[in-house]
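Secondary and tertiary structure notes
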Amino acid sequence: GRFIYTNPAALRLLGVERPDQLIGRAVLELVHPDDRKQIGERMDRVTREGAVLRSTVRMIRGDGSVFALDGEAIRIDFDGAASNMVMGYDVTERDETFSRMALADRMLSVGTLAAGVAHEINNPLAYVAANLETLAAELPNMLLDHRSRLRETSLRALVSDAREGVTRMSAIVQDLRSLSRHGDDSSRPIDVGGVLASSIKMAHNEIRHRARIT
């Protein structure tokens, strides 16, 4: 359970300059606290069974930074004493790349979903908007016949509110379409201010409780 030998590559990997900075120290001291139980069990298995298959563990460098070590261990005879030898590789960059790829894949799925939602919303939105325009045009005739129980101002306010709602939903649909647009290699001018305003608007509900955008 303690270091008895480290090669130069291990020193560089663990961020120390001299072997005596590691020799005698408990191995688990350099393992991330959340992974110590798992690694302790693997060390016991090597002792009992002679080897363990490769796995990834988070290690702590001398400067306190954390990196991912992909390693395997076997039981050997070292200077006449049974010891566990670990062979490992720093796979931090690989894991970060995989994480970025997974995020990109999720964003592609979100874009596909956004395109479908925008399409489904847009169809009923079109005839709601058309009906509102017809209603607005017929409103004066309805008021002339005095068949409405509401005052003219109330009726016009209802139509105005409905129009505003349709306008806002249309803007949301446009934002979703912009979000889902991928694979479009055509070059065209972009209104950066509009893109930023759209992004801020979509994120506003999450941002407003914790930050103010200037």
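Notes on the structure in this doc start here. (Residues numbered from 1 in each chain as written. Predicted model: local features only at pLDDT ≥ 70, side-chain atom pairs only at ≥ 80, totals over all residues. Heavy atoms only, no water.)

What to know about a nonpolar patch on the surface
Our working definition: Only residues whose relative accessible area exceeds 30% and that form no salt bridge enter a patch; like-charged residues are grouped when within 9 Å of one another, and nonpolar side chains (Val, Leu, Ile, Met, Phe, Trp, Tyr) when within 5 Å. The Shrake-Rupley method, run with a 1.4 Å probe sphere, supplies the accessible areas, and residue values consider only the shown protein chains as cover. The term salt bridge refers to a pairing of a side-chain nitrogen on Lys or Arg with a carboxyl oxygen on Asp or Glu at a separation within 4 Å. Comment: elements are numbered from the N terminus, with helices defined as DSSP H or I runs of at least four residues and strands as E runs of at least two. Only protein chains enter the accessibility calculation, which uses a 1.4 Å probe; a residue is then buried when its area is under 20% of its type maximum, exposed when over 50%, and partly exposed in between.
Residues Ile 190, Val 192, Val 195, Leu 196, Ile 200 and Ile 213 make up a contiguous nonpolar surface patch of roughly 540 Å² in combined accessible area. For Ile 200, the location among the structural elements is in helix α5 (residues 192-207). Since its relative accessible area comes to 35%, Ile 200 is described here as partly exposed.

Focus on unusual backbone geometry
We note that Asp 79 has phi near 55°; this positive angle belongs to a residue other than glycine. Counting through the fold element by element, Asp 79 comes out in the loop between β2 (66-78) and β3 (81-90). A relative accessible area of 73% means that Asp 79 is categorised as exposed.

Re the packing of aromatic side chains
Inclusion rule: We call Phe, Tyr and Trp rings a pair once their centres come within 6.5 Å, taking the six-membered ring for Trp, and we label the pair stacked below 30 degrees between planes, edge-to-face above 60, and tilted otherwise.
Inspection of the entire model under this criterion finds 1 aromatic pair. For the pair Tyr 5 and Phe 78, a centre-to-centre distance of 5.8 Å together with 35° between the ring planes defines the contact as tilted. Of this pair, Tyr 5 sits in the segment before α1 (8-14) while Phe 78 sits in strand β2, and the two are 73 residues apart along the sequence.

What to know about the pattern of salt bridges
Tallied over the entire structure, the rule returns 10 salt bridges. A salt bridge links Arg 58 to Asp 35, with the shortest nitrogen-to-oxygen separation between them at 2.8 Å. Residue Arg 58 is located in strand β1 (residues 51-60), and its partner Asp 35 is located in the loop between α1 and α2 (36-49); the two are separated by 23 residues in the primary sequence. Since its relative accessible area comes to 8%, Asp 35 is described here as buried. Arg 94 is the salt-bridge partner of Asp 70, the closest N and O atoms lying 3.7 Å from each other. Highlighted residues: Asp 70 in strand β2 and Arg 94 in helix α3 (residues 92-144), separated in sequence by 24 residues. Looking at Arg 94, the relative accessible area reads 34%, which means it is partly exposed.

Worth remembering: the numbers are spatial, not functional.
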